[in-house]
Each structure stands twice: as structure tokens, then as C-alpha cells.
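Here is what each chain is made of, one letter per residue.
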Amino acid sequence: MEPIDAARAVVEERHPDARAAFLGGSVVTNRRTATSDLDIVVLLHGSPAPYRVSLRHGDWPVEMFVHTEETWHAYVDRELPKRHSPLLWMCAAGLLLFDVDGVGARLVAHGRKLIDAGPAPVPAEEIDDRRYAITDLLDDLTGSDDQSERLYIAVELVRRTGELALAVSGSWDGTGKWLARRLDAAQPGLTMRLHDGLQGVLSGRAEPLVAVVDEVLDQAGGRFWAGYRRAGTP
């Protein structure tokens, strides 16, 4: 069964009284793969929302996110300060499967407005926290001659550097494959350079990765270690 038909069938089976439903994620893009699942957002009038569930429908793995209009706004409002809201993107950039009373169209319009406005700027203190953590990891990488340690240090450096690049670019954040996709849009070519740098570390050469990490750090003010200070909690 095709993804759109399968998604509609899932909603009909489990929530025939739904107000609206969306199909989001990779399956509605040209990045669909053999293991893509159906990410479905369902809007109800009330109980049993909100909840999420993972299930199978025929050959399709399904992730279903069930909300009311009120809980949808509450969840998105909580996620926005993190500059990462999968729920927002599934609806604003996904496919509206059906819309009984107009709630789906309202959420699409609201979501697209939020996405187009972009995330809130990253606070300077948070940027400094990220610079400090990356600087510390760079010191660990260049100081270690243990290949097992260098592997995990390098992987952490790649992730944190990608996140910092998104932060200084004023871009929405992402995790996993969505970190790579957001980064490709914000700073084209950076993902491949980080990839090549990681390959270098695995081959015994840390210099290429260090160079690209330093370039991203320079966009945020450079390395930061001496003078870093944070107050503790009582």
C-alpha cells in the first residue's frame, strides 16, 4: 500500500472521529528510503489525546502523535525555545491528509509562519557553553593517542560542531539525519568536510577535523576555555 493510503487507513482504523491528520517526515519527500516510517499527527476533540504510539500497519512502521488543538499548541510552544520542534515541522511541512473542520488548515498556516520567522536567537551564554565544550574536546582529541578514545571524541566533536554551526547561522536545530539536512541547508559542504575530518581521525590524522572545527568555532568567537565560569546551584 502506498504511504498516503496507508496513513489514511491507520487513522480511519484507530481514530475515525479525528478532526484532521497529517503525514510528515521523509516518506513525503524525495529522501524516502526502504526503512522510512509513517509519521502521522492526528487531531482529536479530546481524550485520549495527547499520546504517542509506535505500531505496524501491514508492512509500514508507524509513529502516531495524537493531540487536541490545545495540546498541539502547548507542545510546540514548549519546543520552540529549543529551536527544534518535530511536531511543528510534521504539520507545517507535511501533507494534510484530511481536515474536517478547518483545524488542520489553521495549524498549517500557523506552523509555516513560525518556520518562516525562524528560531529565536541563541543566547550568548549558550554559545559560550558550546564553545567551551568543543574546545575541551579538541584538547582531548589532540592529546590522546588511544584510537578508541579518539573515535568517540571525534564523533562527539562532529555532532557538537554541527549544532554550533546551526546556532550561529540562526537555523532550526535537528538531531540524527535531520541535523545533516538542516546543516546542508544552512552551511552547504560543511557536513562532508566534517565527514572527511572524521575519516581522517579513523586513519590516524586529526588535523583535518581540527581545522574544520576551528573554522566553525571562529564563526562563534573562537576557542574558549580560560576564563569560562558558571555559577553553581545551591
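Conventions and cut-offs
- Residues numbered from 1 in each chain as written.
- Predicted model: local features only at pLDDT ≥ 70, side-chain atom pairs only at ≥ 80, totals over all residues.
- Heavy atoms only, no water.
- Helix = DSSP H or I, 4+ residues; strand = E, 2+ residues; numbered from the N terminus.
- Buried < 20%, exposed > 50% of the residue type's maximum accessible area, 1.4 Å probe, protein only.
- Contact = heavy atoms within 4.5 Å.
- Areas by Shrake-Rupley, 256 points an atom, 1.4 Å probe, with all protein chains shown as cover.
- Axes fitted to C-alpha atoms, helices over the stretch in contact; angles between N-to-C directions.
- Parallel < 35°, antiparallel > 145°, perpendicular 65-115°, else oblique.
- Nonpolar A, V, L, I, M, F, W, Y, C, P; charged D, E, K, R; others polar.
- Pairing = 2+ DSSP bridges.
- Expected span 1.5 Å × (residues − 1).
- Phe/Tyr/Trp six-rings, centres within 6.5 Å; stacked < 30°, edge-to-face > 60°.
- Lys NZ or Arg CZ within 6 Å of the ring centre and 35° of its normal.

Caption draft 1: Spatial organisation of the overall build of the protein. Scanning the protein for helices and strands turns up nine helices and five strands. Start at the N end of the protein and walk to the C end: the helices and strands fall as α-β-β-β-β-α-α-β-α-α-α-α-α-α. The buried share among the 234 residues of the protein stands at 45%. Within the protein, residue pairs in contact and separated by at least 24 positions form 64% of the contacts whose partners lie at least 6 positions apart. With the model as given, the accessible surface of the protein reaches about 12400 Å², and the carbon-plus-sulfur share is 52%.

Caption draft 2: Local environment of unusual backbone geometry. Between Ser-47 and Pro-48 the backbone carries a cis peptide bond, its omega angle lying at 10 degrees. As for its placement among the helices and strands, Pro-48 is situated in the loop between strand S2 (38-44) and strand S3 (51-57).

Caption draft 3: Highlighting the packing of helix H7 (residues 177-186) against helix H8 (residues 190-202). Two elements in contact, H7 and H8, have axes whose closest approach is 8 Å; the angle formed by their N-to-C orientations is 125 degrees. For the element pair H7 / H8, the angle class is oblique. Residues Ala-180, Leu-183 and Asp-184 of H7 pack against Leu-190, Thr-191 and Leu-194 of H8. Within the contact of H7 with H8, the residues separate by chemical class into four nonpolar, one polar and one charged.

Caption draft 4: Region of interest: the sheet that holds strand S1 (residues 20-24). Here we have five strands laid out as an open sheet, ordered S3-S4-S2-S1-S5, and mixed in their pairing. Of all the strands in the sheet, just S3 and strand S5 (95-99) have a single pairing partner and so form its edges. On average, adjacent strands in this sheet sit at an angle of 20 degrees to one another, irrespective of strand direction. The pairing of S1 with S5 spans four bridges and is antiparallel. Along S5, the bridge assignment pairs Ala-21 with Phe-98.

Caption draft 5: Looking closely at the pairing of S1. Of all five residues in S1, five are buried; the element is thus mostly enclosed. Residues of S1 alternate between two faces, with Ala-20, Phe-22 and Gly-24 on one and Ala-21 and Leu-23 on the opposite face, all of them buried. Across five bridges, S1 lies against S2 in antiparallel orientation. Among the inter-strand pairings, Ala-20 is bridged to a residue of S2, identified as Leu-43.

Caption draft 6: The arrangement of helix H1 (residues 3-14) in detail. End to end, H1 covers 17 Å across 12 residues, agreeing with the expected 16 Å (1.5 Å per residue, within 8%). Along its buried surface, H1 packs onto S1, S2, S3, strand S4 (60-68) and S5.

Caption draft 7: Just the pairing of S4, in detail. With eight of nine residues buried, S4 lies mostly within the body of the structure. Both S2 and S4 contribute to a ladder of seven bridges, which runs parallel. Residue pairing across strands places Leu-43 opposite His-67, the latter belonging to S4. Across seven bridges, S3 lies against S4 in antiparallel orientation. The partner of His-57 across the bridge, within S4, is Trp-60. In this structure, the hairpin formed by S3 and S4 is closed by a connection of two residues, where Gly-58 is found at a positive phi of approximately 60 degrees.

Caption draft 8: Spotlight on the packing of aromatic side chains. Evaluated as defined, the whole model comprises three aromatic pairs. Ring centres 5.8 Å apart and planes at 80 degrees place the aromatic pair Phe-224 and Tyr-228 in the edge-to-face group. Exposure remark for Tyr-228: the relative accessible area of 25% places this residue in the partly exposed category. An aromatic cluster is defined as three or more aromatic residues linked by ring pairs; in this entry it consists of Tyr-132, Phe-224 and Tyr-228. Cation over ring: Arg-78 sits above Tyr-75, and NZ or CZ is 4.6 Å from the ring centre.

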